[in-house]
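Analysis of the macromolecular model
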Amino acid sequence: MDKKSTSLYVRLMSYLIYSLLSAAISTAILGYIIRFVYLKITLPSSVNYLYVYLYKNYGFWNLFFIGTIMLTVIYYSLAIKKMASYFKLISDSVQQLSEGQFDVAIPVMKHGGLGLFAQNINSMEEQLKSLIEEEKRAVQSKNELVTNVSHDLRTPLTSIIGYLRLIEEDEYRDEVELRYFVTIAYDKSKRLNRMVNDLFEFTKINNRDVALKRMRFNINELLKQLSAQFNPELRIAGMSIEIKSPPADIMIEADPDKLMRVFENLISNAIKYGREGKKIELIVEENEQYAVVKVVNYGKAIPANAIPHIFNRLYRAEKSRSDETGGTGLGLAIAKGIVELHQGEITVSSNETETIFQVHLPLPMDH
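Values in this document were obtained by computation on a predicted structure and should not be read as measured data. (Residues numbered from 1 in each chain as written. Predicted model: local features only at pLDDT ≥ 70, side-chain atom pairs only at ≥ 80, totals over all residues. Heavy atoms only, no water.)

Turning our eyes to something else, we now look at the overall build of the chain. Within the chain, the secondary structure is distributed over nine helices and seven strands. Across the 367 residues in the chain, those meeting the buried criterion constitute 32%. Considering only intrachain contacts with a sequence separation of at least 6, the fraction spanning at least 24 residues in the chain is 70%. Carbon and sulfur atoms form 58% of the exposed surface of the chain, whose accessible area is close to 23000 Å². (Helix = DSSP H or I, 4+ residues; strand = E, 2+ residues; numbered from the N terminus. Buried < 20%, exposed > 50% of the residue type's maximum accessible area, 1.4 Å probe, protein only. Contact = heavy atoms within 4.5 Å. Areas by Shrake-Rupley, 256 points an atom, 1.4 Å probe, with all protein chains shown as cover.)

Below is the structure:
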């Protein structure tokens with residue numbers, strides 16, 4: 001029996017004991033009064049006969065016992081009347097909750113365990129309302145996801161079908177234009193493939209259906225390898241990349257392939273939106289608990305109203321859906337999911353001077 005049930009049980013038992021004691025005292029006093037009246041005052045013969053009959057046939061103690069029981073029932077009923085009304089209020093409120101009415105607020109009163117019971121029901125009501133609102137947001141988010149993905153997939157698919165139709169119907173001037181049509185269709189196919197892969201990856205990460213292949217490695221070396229891979233894109237964009245890290249190795253236990261995906265997304269974003277700054281900096285730091293990697297670019301600032309939503313799926317600070325800057329809209333959401341799978345954190349800050357994405361990754365216990 002828990003504390004709340006015990007409190008209610010104690011309260012009911014105390015009411016019963018008080019009612020029993022009060023009834024016994026009342027019965028004794030009433031019996032004394034009746035006895036006094038019988039001896040001192042001349043009563044009607046019918047009343048006199050009833051008194052003599054009951055007294056002789058049942059005796060004093062039996063009459064005392066019967067009177068006490070009757071008064072105990074009366075007193076106890078009066079004592080718990082308010083509690084019974086409060087219990088009915090709680091019962092009616094629970095019935096309303098079961099019918100989907102979540103605007104019920106039970107007043108919390110001190111009636112043994114019932115007050116705590118009412119408080120728990122109010123708390124449950126708030127939790128149910130919160131869960132329902134969360135479910136509504138999830139449904140809305142899912143609908144938005146389907147709508148946005150449908151739009152994003154339709155755009156390159158329409159182009160592919162259009163150019164293939166031109167080729168199928170021989171609507172091209174020469175082989176040069178034919179190759180041009182094929183090249184565009186091929187590029188759009190690759191974009192469509194990237195989008196589908198991103199969508200599958202996001203779904204798996206969002207559902208936590210990802211098995212991390214953890215190993216110990218030097219985060220500095222991973223970033224050096226990744227920077228080298230971006231050299232062609234950096235040359236085309238007229239940008240450079242610089243790694244600033246302490247001389248000592250910073251070892252972490254993580255899935256290097258998954259973290260490679262995180263920093264690929266962050267560096268790709270820095271190239272897309274930071275070309276005006278001409279450079280990207282990868283700054284590696286270490287504190288007692290985390291290895292911290294900062295990806296810094298010096299392009300346009302992210303709008304302040306976009307910062308809270310920047311890691312949301314399919315959110316774009318720039319609303320354009322062009323191939324050049326639109327992307328799939330899932331890159332940062334995927335990065336956030338991967339970092340959280342590693343019990344880490346990713347944040348962003350931006351001003352007119354610089355935009356910084358910070359990734360915090362836990363260090364091994366024995367670092």
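Picking up after the structure, the text goes on.
The next point concerns the side chain of T68. Relative to the elements of secondary structure, T68 occurs in helix α2 (residues 45–79). Beyond its immediate chain neighbours, meaning those up to four positions away, T68 contacts L20, A23, A24 and T27.

Attention shifts here to the packing of helix α6 (residues 219–229) against helix α8 (residues 256–273). Interaxial distance between α6 and α8 falls to 10 Å at its minimum, and their mutual angle equals 50°. As the angle between them shows, α6 and α8 are arranged oblique. Handedness of the α6/α8 crossing: right-handed. In contact with I219, L222, L223, L226 and Q229 of α6, α8 contributes P256, M260, F263, E264 and I267. Taken together, the residues of the contact of α6 with α8 break down into eight nonpolar, one polar and one charged. (Axes fitted to C-alpha atoms, helices over the stretch in contact; angles between N-to-C directions. Parallel < 35°, antiparallel > 145°, perpendicular 65-115°, else oblique. Left-handed = near helix turned anticlockwise from the far one by under 90°. Nonpolar A, V, L, I, M, F, W, Y, C, P; charged D, E, K, R; others polar.)

Before going further, it helps to spend a moment on helix α9 (residues 331–341). An α-helix turns once every 3.6 residues. As a result, residues three or four positions apart point the same way. Most of α9 sits out of view: nine of its eleven residues are buried. Along α9, the residues that are buried comprise G331, L332, A333, I334, A335, G337, I338, V339 and L341. For α9, the secondary structure elements touched by its buried residues are α5 (175–206), α8, β6 (345–350) and β7 (355–362). Of the residues trailing α9, Q343 is marked for its positive phi of about 60°.

The full count for this structure, using the stated rule, is eleven salt bridges. A salt bridge links R165 to E169, with the shortest nitrogen-to-oxygen separation between them at 3.2 Å. When its relative accessible area of 41% is taken as the criterion, R165 is described as partly exposed. Looking at E169, the relative accessible area reads 41%, which means it is partly exposed. (Salt bridge = Lys/Arg side-chain N within 4 Å of Asp/Glu carboxyl O.)

As a further point, take the sheet that holds β7. The sheet built from five strands is open, its strands ordered β2-β4-β5-β7-β6 with mixed pairing. Each edge of the open sheet carries a strand with a single partner, namely β2 (240–244) and β6. Averaged over all adjacent pairs, the angle separating strand axes in this sheet is 15°, with direction ignored. Each of β2, β4 (279–286) and β5 (290–297) is contacted by α6, which is oriented at about 170° to β4, the strand it contacts most. Against the sheet, α9 contacts β6 and β7, and its axis sits at roughly 135° relative to β6. (Pairing = 2+ DSSP bridges.)

With that settled, the discussion passes to the packing of aromatic side chains. Applying the stated criterion across every chain, the model contains three aromatic pairs. Between Y163 and F181, the ring centres sit 5.4 Å apart and the planes meet at 50°, which makes this aromatic pair tilted. Here Y163, found in helix α4 (residues 113–168), pairs with F181, found in helix α5; they are 18 residues apart in sequence, far enough to count as distant. On the basis of relative accessibility, which here comes to 8%, the residue F181 falls in the buried class. Aromatic side chains Y180 and F181 sit 6.1 Å apart centroid to centroid with 50° between the ring planes, which places their arrangement in the tilted category. (Phe/Tyr/Trp six-rings, centres within 6.5 Å; stacked < 30°, edge-to-face > 60°.)

Relative to the 46 Å expected for 32 residues at 1.5 Å per residue, α5 spans 46 Å between its end C-alpha atoms, a close match to the ideal helical length. Among all positions of α5, only E177, F181, I184, A185, K188, R191, L192, M195, D198, E201, F202 and I205 are buried. You can read the cap of α5 off the contacts: a side-chain oxygen lies 3.2 Å from the backbone nitrogen of V176, and it is on D174. The positive-phi residue at the C-terminal boundary of α5 is R208, with phi of around 55°. (Expected span 1.5 Å × (residues − 1). Polar contact = N/O pair within 3.5 Å; in protein donor to acceptor, adjacent residues only side chain to side chain.)

Attention now goes to unusual backbone geometry. Positive phi values are uncommon outside glycine, yet D170 reaches one of about 55°. Considering the arrangement of structural elements, one finds D170 in the loop between α4 and α5.

Scored by pLDDT, the chain comes out at a mean of 79, with 77% of its residues at no less than 70. Mean pLDDT in the chain bottoms out at α2, which sits at 68, and peaks at β7, which reaches 94. Residue range residues 319–326 is modelled with pLDDT below 50. Its contacts to residues more than four positions away, or to other chains, number 16 contacts. (pLDDT = per-residue confidence, 0-100.)

Now for the packing of α8 against α9. Axis angle and axis distance: for two packed helices, these are the angle between their axes and the distance between the axes, and together they describe the pair. Axis separation between α8 and α9 bottoms out at 9 Å; the angle between their running directions is 145°. In this structure, α8 crosses over α9, and the sense of that crossing is left-handed. When α8 is examined against α9, the residues K258, L259, R261, V262, N265, L266 and N269 are found in contact with a partner set consisting of G331, L332, I334, A335, I338 and V339. Partitioning the contact of α8 with α9 into residue classes produces eight nonpolar, three polar and two charged.

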